[in-house]
Each structure stands twice: as C-alpha cells, then as structure tokens.
Amino acid sequence: MAEIFPSGLLEACVVLGVSNERLKELGLLQDKVTEPLVEAEVLQVHAPPFVTKESSSNGTKHSHAPAFSRTQRRRSFKKKRDQPVSTISSSGQTNEPAVAASNDLSVPQNIDLIALPQLCFPDGLRITSESREDYYHFLVFTDVFGNQTHGVVAQYCKPVHFHPDNGIHQNGHRLNKLQRLFTTYSICIISKYPYYNALRDCLSSFLLQLKTSRMCEFEEQVKEFSAKLALVPIPPPGPLHVVFNLRPFQIELPSRLDVDRPVMDLDLHLPFLCFKPEQILEIISSILMEQRVVFLSTDWAKLTLVAECFMIFIHPLRWQHPFVPVLSRQMLDFIMAPTAFLMGCHTSHFEEVAEELDDLVLIDIDKGTVLSSSSNRLELPDVPLTARDCFIFQAKGLQLHYDLDVCRAGSHTDINELRAHRRQWQRKVNTIILNITLELTVNIFSEVCDFLNYEHRVFNSEEFLRSRETTDHEFYKKVLDTHIFHSFLRDRLNRKNDAFTHMQLNIRSESRRMRAMTESPHRPTMEEIRKYVRPENCLSSRLGVSMPNLADHRLVAVPVRQMSMRTVPFHSGSWSPSRPIKTFKLPEFPPPLAYQYVQSYYNDLIKELSKAISTSTPDDSALMARFYYLRGLVNSVAGKRVDALRDFQSLYKTDMDIFPAKLLNVLVKSLPAEERRMAERRPDLKRLITRVNENERERARPIDDGTVKRFELPKKHLHMEDFVRRVQESGIVKDQGTIQRLFEALTVGQQKQVDPETFCFFYNYWKETEGAAQDVDLPAGVLEHLVTDECVYKLSSSVKTSHGVGKIAMTQRRLFLLTEGRPGYVEITKFRDIENVKISSTPFLLLRIPTLKIKTSLRKEMFEANLKSECDLWHLMIKEMWAGRKMADDHKDPQFMEQALTNALLMDAVVGCLQSQKAIFAATKLAYFDKKKLEVPMMVPKTTSETLKHKINPSLDQTPPQAVDVLLYTPGQLGVSELDSGGNPKLWCALSNGKVLVFDAASWSMQKNSVQVGKSRLNCMLAVNQQQLWIGSKDSFIYIINPWSVSCNKQLTEHRCEVTGLALEERTDKFSQTVAYSCSEDGSVIVWDVSTLQVRRQFRVSCDRLQCIQIHTGMLWCCGGDCLLEVRRNGTVHRKVSLPDHLLSSPRGFSCFLLFNETTAISQSEQLWVGLADAGELCVWHCRDLNKPFIKIQLKDCAGVVCMIKVKNQIWVGCQGKTRGKIYVVNTDRYTVEKELMAHDDSVQTLCSAEDRYVLSGAARADGKIAIWKVE
C-alpha cells in the first residue's frame, strides 16, 4: 500500500543542527577557538504517516493511514545521542534539551540526507557569541528521473550555556557563572509542490510558537506541526484555493492555473526588480540556448526564487538539465559538470567560479549584471528583434511597487486582511507578467508550427531558418539544437492544447488564419510586405449584422498584427481567467497525533465539502468539480473507498481535465473484496471500475516514443511510396494525387524511381524560387494595385511585350507587367478574365521567336510577350491557372485555385531541375486541371451554381481526407469579448476520426486547434446552452465541450451502445429545469438534468436500431429502422408508424425524420416527414390521423436519404446519389422538389442551418468538404 495516495502539503520535516556530542566537544575548545565552524547533522526526520489505526487503543489492523501521503516508512537509520544540550528559552528557563533523542528516524524516498545539512547551512554552521535573526531560504531537489521536490528552510538561533568546568550545564544553578553562546538550528519542510510563500508562512508561525514554549516539548511540537501540514490536501488545477489556519496566520495554497503548469506560489516580479528588461531577455536567451548558467547573490533566498521565476517565464518550454539553485561551498565542484546546467552560489565565490571555466553565464542578482566568465559582457545572440521590442515595451509599463498601489488605502487592523490584500495584488501582477512572458515565447516560436509535418512528425528546420530574418539566424541555430526545443516540438506535434496554443491563435492575424485554410506554398503576402494596417479592410464581426459576401472569391482581409504593444488577456485551461478565485477553508486542525481526532477531522472536512457541493450553482461546474476532487481525495485517505469512487465518478462527468486516473487505478486495486462487490452493485461505479481497467491495459501497450525527425534529403533511390513520404515531409505539397503526378513527371523516360540527385535538384530549385519570390522588391505604386493576401509566385526574365519591356509577374489572382526603366504596374489580366492562351511565332531577322498570346474578355487586342525559351513553360502554367480559376469559380471552391497554383509551381520546378528537352513534356504530367477541362465537361448546373456560395475543406492537414459527419451552427453572443471572435457565430465540424474543428462563421476561418473527443465516429451534436455543447459518439460516450474555451472536459458514460441522437426540451417557465434526451442504437433513452448532469429517467423503446429522436408538443418521437414511435414522458408508447408495405424488404428502412407544425392562411397541421435509407423517396404523414394514406415524394437519381432539415417552408434533403451526393429542396406546401443540387463528389452526410439564411452540408470521405448554400 505504499505510495497509494498523493502526498499532502508535507513530504517530510527535517531538523538539523549540532549534535550533543559535538556541543560537548566545543565546550572544551571554547577558549581556543572563536566562533568555530562546526558540521551540521540531521537530528530529526518526521514524515507521514504520523498515526495509524494500529497505534490506536483497539489495536486492530487497518490498511490505510489517515494522512495525504505514504502508508509506511521507507527506510530508517538510528543515531545514538548522549545527554541533551542545556539551553535557555526566551522565558529564561534552563536545562531542557534542545533536541530530544530519537532512535528511529524515517527517511523519505528521494531525499538525500547526506547533502541536506550542507544545503540547509550553505554558509556553514558556527557557534557564535551573538544571536542572529531568523533566516529563510529555499531549495530544489531533483532525482535522476527529473522529478522535483522543494524545500523551505528556516534557520533560528538558540542560546547554549556552558559551565565553567567546561561541561554543559545540566541544571539551573549558578547562572551568573554560565557562559552564554548561540547555536543555529534549521527546520526544513520538504514538499512535492513549490509552495514557497505558503511554507515560509507555516514556518514563521511555528517559530513564533517555539519561542514561547518549553524546549522539552520541542520534538513533540515539531512532530505535531509536521502532522498538521500532512493533513492539508493540495487543490487541483483551477479556480479554487485552499485556506487553513496556523495562528496567527491564515495561509492560502494557490492552485495551478492548468494541468500543464506548475504551482506558482512566488512573486514573479522579483526578476524585474533586480534586472532591466534587456538583461531579463539575455537570461532567457541563455536558458533557451542551454548554456551553463550560474546565479550569484549574497542572499541565498534570492537564488531559488529568481531561478524559479525564469523557469516559469519560459513556459511551455521546460528546462531539461540539472537545476540546483543553491550550492554550498562544498558543492562548487558541480560547476565543473560537462553538460548544461542552471546553478546558484554565493557572490563570494564569483572569482573562484569565473576562473574555472570560460563559457559560464554569470548572473549577479544583487548587482543586476549578466556576464560571461570569459569576458565582461555576454556574447550570445539576442532574442529576435520584433519579440524583443514587444517584450521591452510591455515590461517597462509594469507597475511593480505594492506601496504605490496601497498609498490611497487605509491601514489594515487585521494582519490576515493585510496579507489577503497583498496576495490579491501579487496575483494581478503575476497574471500580467505571465501574459508578457508567454507572448514573448509565442512571438519567438509561433511560426515553428508552420514548418511541421504532423503525419510524419518532421520539422523542416532549414526552411524555418530561411523564413527568419538574417539577423536572427544565430539565435535560432543555437536554440533549434537544444533538448528544451525538442521537447517543445514534441508537444506541438502532439497538438497539445495549452496556453501557448491559445495565445498563438489569439494574436495570429486573421489573414494568416485564412491562409491556413488553403494549402499554398510559402510566399510573403502584400499585407506582410506593406507592414501597415488599412482600417477599411476590417471584418464584420457578427453574422447577425452581416454575413460575409461569399460570392467574392477574394480571401477576406483584415489587419495584420505587427507585434502589438499590448497584453492579451490570459487564457488557460478550461476556466475563465475573469472568473474570481474562490477559497475553501479547512476545518481547524485537531490534535494531529491521535487517530480518533484525525478521523473526526476528516469527517468534518467531508461534511464541509459536501455542503460546498450542495450550495454550488449548476452553472459553476468548474468549482463543483474541484470540490468533488477534494472530497474524493479525503474519502480515499480516510478509508472510505466506495465513497471516493462515487466522488470521482461525479468528477468524471464534471471535469475530465483534473480526473486523477493514476490515483483511481491504485484505489480500485486496493479495494477489499467486500467493498469491490459493494461498488460493482452500482452500475455507474461498475462502469467506472471497468473503464479504469481498460485504461490500465491501454497504458500498458507500447506507444510511439514521440520522437521528432528533422527533414533530410534522401540518399538512395525512391520508389513511389518513399517519394510520397519524402515530399510530404518536405512540406512542398501534401496531396497524394499531386505527388504521384510529380513522380510521373520526374521519371519520364526512365525507370519508375527518382534518384537522390534529381530529388535534390528539384528540392533546391523549389526553395530557390521561394527565396527569389521573397526577394521581389515591389514599388509602393505597384503594391496599391494588389490585394493584401496576394503573393508574387513567378517572375519572368525581362522580355519585350505589347505593353512595353518588363518582367511578367504571376500571383494567385492575375498576371501583370513590372515595367523597366521607371518601375510601374501594367495589368495584363486576371485569370478569370482569360478567353484563350496560345503560342505563335514572331519573325525577327532570319529567326522566328516564340510568342505567348493571351486573349482576355476585357480587351479587344491580345497581349503578346516574346518569352523565348520560357514560352512553353509560361504557356503551361497560365493554362493551368486559367483552368483552376474557372473550376474554382464554377464550384465556389477556392481550393481548386490553390491546387492549380501548386501544379504551376511544380511545373516550374520540374523544368528547372531537369534542364533537358523532355522537361516541358514532363511538366505536362502536372497539368491536372487543364486536362480535366478537356476530358470532362466542367459546367456546373445553373441551379447549383446560383445556390452554392462557398466551399471549405476542413481536412487540409489530413491525409487522406476525412468525412464530415456532423455540422452544428451556434449563433453569436452579444456582450461577449470580441477577442478571438468570442462573440461571433461558430460552425462546429465533426470529422470521422473523432476530431472536432471550429470555424468562425463570420469569415469561415478556423478559430481553434482541433478538439479530440475519443477516436470513434461522432453521430450527433446539440448546443445545450452557452456553457455546454454535447456530442454523441459511436463509443457510447456523450462528450461535453465548453464552447468558450473549446475544450472537452466532461463525459456522460451511462449509455452502453452507440449514441445516435440528442434532443433538448425547452423550459416551460423560468423556474423549470432544462432537460435533455439522448438515445443509443439499442433503444435506450436517457433523460438528463442539464444543470447537474444527473439522470432523471431512463427507459427503453422497442425498435430496430434507434437512430434519432425529436421532442414535439411534449412528446418524444423516436426513429428506428423499422418504425417511428411517439413516446410519453414515462416511456410508454402512444402511437406507432410502421414501415410502408412496399418498403418492408428494405434492409435499413427509415433513416431520418422531421416533425413540425405547418401553418397556412386557412389551416394549421402537424406533418411528419420521413426519409428512407435505401430508397429515393420521402413519406409524409399528417400527425392528427396517422392512419390516413401518406404522401410519397419521389427523389430522382437518389439512392437513399441520409439527413433532412427544415428551413423556412422548405425541406432540405441530403442524399446519397447514384453518382454524386445530392441535395433536394422540397416545398412543404406543394410537396414538390423545387431544386436538385449537385452538392458533393460523395454522399451528403449532414446538414445544418445558419439562421435560416444559409444551409451548410458536409460530405463523406471521398469529398470531405463543407458546402455553403443560399436559402431563398
């Protein structure tokens, strides 16, 4: 049972000082040595458990120990001592022992008692003639696995009297002849958590108690103090802090901001008081480059606190090397270590340290200097300029002086009020500093993600370096090769949704988000070239005000953010930073060494937590989850294991982010047979135990080590499969079809394999053209004619044209002539305006020069250019761009244009690398759209073209594309912060692999990283309220997403089979609770209380595969494959609609249904519309009399109905067509098909409405796109 439950605040308490034997020896030497330096020893070690049931009066065995820690001692040592030292307390009494004898000292694991005396007395221990003030400093211990524990040390002086006969005085007689000296003792509290301020407060309170107590009680008092701290539970991450009393202080334990951050119980502004912002950047740069860093100070306390601040400043990057912020004199040899390290020592050792090694970074905290041991200044590359300027500007605006903040306030008469005010101020300052340092990290590393290949886990470091400013290359070259950066890359490739990701999305310009929606090569846009903001381009922020003009195929342009001199509000984890911090106060400590009192304390603590849970409002689920966590933890250590399982089951529903899976696994394993049977009699606990066992088996499986590869050019011949992988790793293109055509182009006339030299030539030529495009210097007059998102992708040599001499430039939108002499802009044509492109020859002397001719719809005369040897290539490229533009316009899909652009640039690279007569022929292999235009009529039916507004590809980073299984539109929220489009409407898109994407429905740009909700197909979505979005999954779970934070931290697990439908029953009045219904394919229906997520009712309906449900006029309608059922609230069937006789042989029967009231000028009727999975028809019943014959609506060329929605007086029906996915628009009055839309290349999987103005459709895997349709 060792290590069953996590430790509380205390891991161990160690008392150190001079032993009695040594004091007796010093008594003999007192006339010979002045203030002798003595060796400190460990005198006491106190570690949990302090009481167990075995030690109680009944003496019965019990397997648990009532403390938040281990349940047995790990190892022990014994130390014999002679008579105690005579000391005098502050009350003047004598002859009590300073340290009572103890024959069994418990030594906690991972704590090195041999080195601890040196760390607790880093200056050494002396016997002095004068008393010294109490002194505190802080320690960090790191084991071989990198796990850290933390220590807070309090040094305090005690007087020692020696008798004139050189013996230690044993009684209180003849005080006038006793010689008074002082010795120092240290009390070191060791904890797994860096609660530096809180533990210092605990020790300060305890030292007050020691100074007014009898010394014969010393050991018992230390043990009692330690036992109290062991009773303090650690709060989980989130908005709840734990408070407890240690008179005269009320001590607060802050929680972590999120699960990925450490505890922050220190003052983050300390480095800003010691260093200028420029020097802080130098220190951060040294850490990021993994230099050997040494902090120096005359104050041991500053060393750890300042070093820990810098560890927080670089988050989410993590220091991977030795971290020893306090080195005593005897430990200075550690600085000779050959690896990177971060250490600290006393300033007096500066010369000694500087002489040993040449490449140390020496940071003097007291003087505020950053030097190199080899020179007077640090010779390391600076942080990139833009990130540096932003940080310095923000740092200089910090208000760091508490006294200035309280000068207007009155004096506090209560010390705890004063401390609470100070904590509140510090919390505010810490939050601002966290924002500034996190934004620095984002500004430095934000664009790393653009050079990652997630599928093959490759980082293209060379391309990333090429994209940086030349002046920043040295910095990045050093950082990219570090362990700290490798770990950061691993997190990015794992798509970790942490604070870095949140801020990266918040500060990324809208134009970059739009570019992320298309797969186009890296080129600088006009927006990035201009470096200024045009306010007229600002985006409409709310769909309710103005839906974007989707007929305009230009990407929506918004201002680019140029390292704004502002602080972005901090977003962390799953709770809102604007929500106030709540505190939970622990009951008063009992006598902590008596078992029955400790058990009574736990019972009181459980009662207080139960009261807090019952009084929490359902809207504040984050707070309720923290109470469940704490109560489950307390029940665990109190031996109430089944109660603990109930709490963790409630926590699983409320907030999965803080669910303690490892603790629960150990708890389940520790259940006695009787308690296990008791737990398994409850279905919810049985499911929890089953899930724990499944998760344990999952963890036992071998997993990918998460390595990150750097892109390297091949060294052997590549067949098709290897070639596809290499090109995808390079980041040139992801689409497999395009890569296969590139393979055919590079292997024309030879064996079907690409040799390393050809690949290298191709890759280098591609990168050279990228670099050449970035070096294009367009005059300001030319920039004015281009749209902000345009990039120059190809520039010809200087040629003679019908518009003059100059260079032809190609962007993704147009061709223009960059005239020579006086640089100017002459428009040639936009690709959509081209009518014909051909090559002819122009006579010149005795030669005929190839000439490119372009006919446009806007000019009568043709454009001619004597491109000479470039003519054939430009002819191919322009024809491909023209065909891609036409197809993109017809299909309202901008991705076609991006694909055509990629094809054109690949043609250029193929011709450039092959340099042979077959180069042009090889390039024709890439003319995909030009050939497609010739092979198949590309005309889109007029009705489809007029109704279709836009298409989105949510699977751009997926290989291969994923099916769009569910779409859900949520309207915008007035009064919500506009940051990150918080008030804009959203489109939620569920892909076939359990991934959920979020789009801003005002610009159709992706707003967040994907949210992974399981690994199975998602079947349905329901927006329950502004805090909950439910998703039903094939794995039988209902996942609950917080729409604000876009994080999934709750699950409902009561269903046993695939969840197929969700429905919401509206509140009948303001006092009633909102109720939701869910169903699974086995016919189970569960009624949920939305506010508490508790099951209200549960029943089962009899049908073949229950597929969907709907609430109508207080009744629940259920659609199965063989029938539709109208069900009362208690689960009894009211009416039944069976499958029509002519469809009884249908394998799948009904697929979907709609129920609504249809109001006309003369009547009102209830209509039931039903779709059939294997037939191209709809059946319509009038609900008042289901026995009447139904109306049958035939859908031409439809193989089966998949989904339906009602929009205005129309039913939109998504179908699986015989060749393509179709949408039929049916009039509800006339029961006729008004429109037949050729929607997708695969079946239509889902439909949703955007405020009855637009309909959005999602397609199956072969298409994988979202189409946006106009509603008339």
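Let me begin by describing the structure that accompanies this report. (Residues numbered from 1 in each chain as written. Predicted model: local features only at pLDDT ≥ 70, side-chain atom pairs only at ≥ 80, totals over all residues. Heavy atoms only, no water.)

Some points on the environment of Arg 261
Threshold: Numbering of helices and strands runs from the N terminus, with a helix taken as a DSSP run of H or I at least four residues long and a strand as a DSSP run of E at least two residues long.
For Arg 261, the position within the fold is in the loop between β13 (249–253) and α5 (270–274). A sequence separation of 51 residues divides Arg 261 from Ile 312, and the C-alpha atoms of the two residues are 8.5 Å apart.

Details of the sheet that holds strand β49 (residues 1150–1159)
Note the following rule: Two strands are said to pair when DSSP picks up at least two bridges between them. Lines fitted to C-alpha atoms define the axes, with helix axes restricted to the stretch in contact, and inter-axis angles between N-to-C directions lie between 0 and 180 degrees.
On the basis of which strands lie adjacent, the open sheet formed by 4 strands has the order β49-β50-β51-β52 and antiparallel pairing. Here the strands that pair on one side only, and so sit at the sheet edges, are β49 and β52 (1191–1194). On average, each strand axis in the sheet is tilted by 20 degrees relative to the strand beside it, whichever way the strands run.

Considering the sheet that holds strand β39 (residues 1038–1042)
Here we have 4 strands laid out as an open sheet, ordered β37-β38-β39-β40, and antiparallel in their pairing. Two strands in the sheet have a free side with no partner beyond their single neighbour: β37 (1018–1025) and β40 (1047–1052). Between one strand and the next, the sheet's axes are offset by a mean angle of 25 degrees, whatever the strand orientation. Inspection of the sheet shows β39 paired to β40 by 5 bridges, in the antiparallel sense. Bridge pairing in β40 places Ile 1041 opposite Cys 1048.

Structural notes on the nonpolar core
As a reminder, the rule being used: What is meant by a nonpolar core is a set of buried Ala, Val, Leu, Ile, Met, Phe, Trp, Tyr and Cys residues, joined one to another through side-chain atoms within 4.5 Å. Remark: exposure states derive from per-residue accessible area (1.4 Å probe, protein chains only) relative to the maximum for the residue type, with buried under 20%, exposed over 50%, and partly exposed in between. Residue contacts follow a heavy-atom distance rule, with two residues in contact if any of their heavy atoms lie within 4.5 Å.
Counting 216 residues, the largest nonpolar core has Phe 244 and Phe 295 as the members making the most contacts within it. Here this core gets 11 residues from one element, more than from any other, and that element is helix α7 (residues 300–313). Sequence-distant contacts of Phe 295, defined by excluding residues within four places in its chain, comprise Ile 283, Leu 303, Val 306, Ala 307, Phe 310, Leu 342, Met 343, Gly 344, Cys 345, Ile 363 and Ile 365. Among the nonpolar cores identified, the runner-up in size contains 65 residues, and Val 727, Tyr 763, Leu 901 and Leu 906 belong to it.

Thoughts on the environment of Lys 1265
The line we're drawing: Within 3.5 Å is the distance limit for a polar contact, defined as a pair of N or O atoms, with the added protein rule that one can donate a hydrogen and the other accept it, and that residues adjacent in sequence qualify only through two side-chain atoms.
When you line up the elements, Lys 1265 lands in the loop between β58 (1254–1259) and β59 (1266–1270). On a C-alpha basis, the gap between Lys 1265 and Ala 963 in space is 7.9 Å, while along the polypeptide they are 302 residues apart. Leave out the neighbours within four places in its chain, and Lys 1265 touches Asp 893, Gln 895, Phe 896, Ile 952, Asn 953, Pro 954, Val 964, His 1240, Ser 1257, Gly 1258 and Ala 1259. In terms of polar contacts, Lys 1265 uses its side chain to reach the side chain of Asp 893, at 2.4 Å.

Describing the pairing of strand β32 (residues 964–970)
With respect to burial, β32 is a largely interior element, 7 of its 7 residues being buried. Direction of pairing for β32 relative to strand β33 (residues 986–991): antiparallel, over a ladder of 6 bridges. In the strand pairing of β33, Leu 968 is matched with Trp 988.

Digging into the environment of Ala 661
Checked against the element boundaries, Ala 661 lands in helix α21 (residues 661–669). Taking C-alpha positions, Ala 661 is 9.4 Å from Phe 648, a pair spaced 13 residues apart along the chain.

Focus: the pairing of strand β17 (residues 360–364)
Regular strands show a simple pattern: their side chains alternate between the two faces of the sheet. Extensive coverage of β17 is indicated by the burial of 5 of its 5 residues. Burial along β17 is two-sided: the residues Leu 360, Leu 362 and Asp 364 and Val 361 and Ile 363 are all buried. Sheet topology note: the strand β14 (residues 292–297)/β17 ladder contains 5 bridges and is parallel. Considered in β17, the bridge of Val 294 is made with Leu 362. As paired strands, β17 and strand β18 (residues 369–372) are joined by 4 bridges and run antiparallel to one another. The residue of β18 that forms the bridge with Asp 364 is Thr 369. Here β17 hands over to β18 after 4 residues, with Gly 368 in that stretch at a positive phi of 70 degrees.

In short, shape yes, function no, at least from these values alone.
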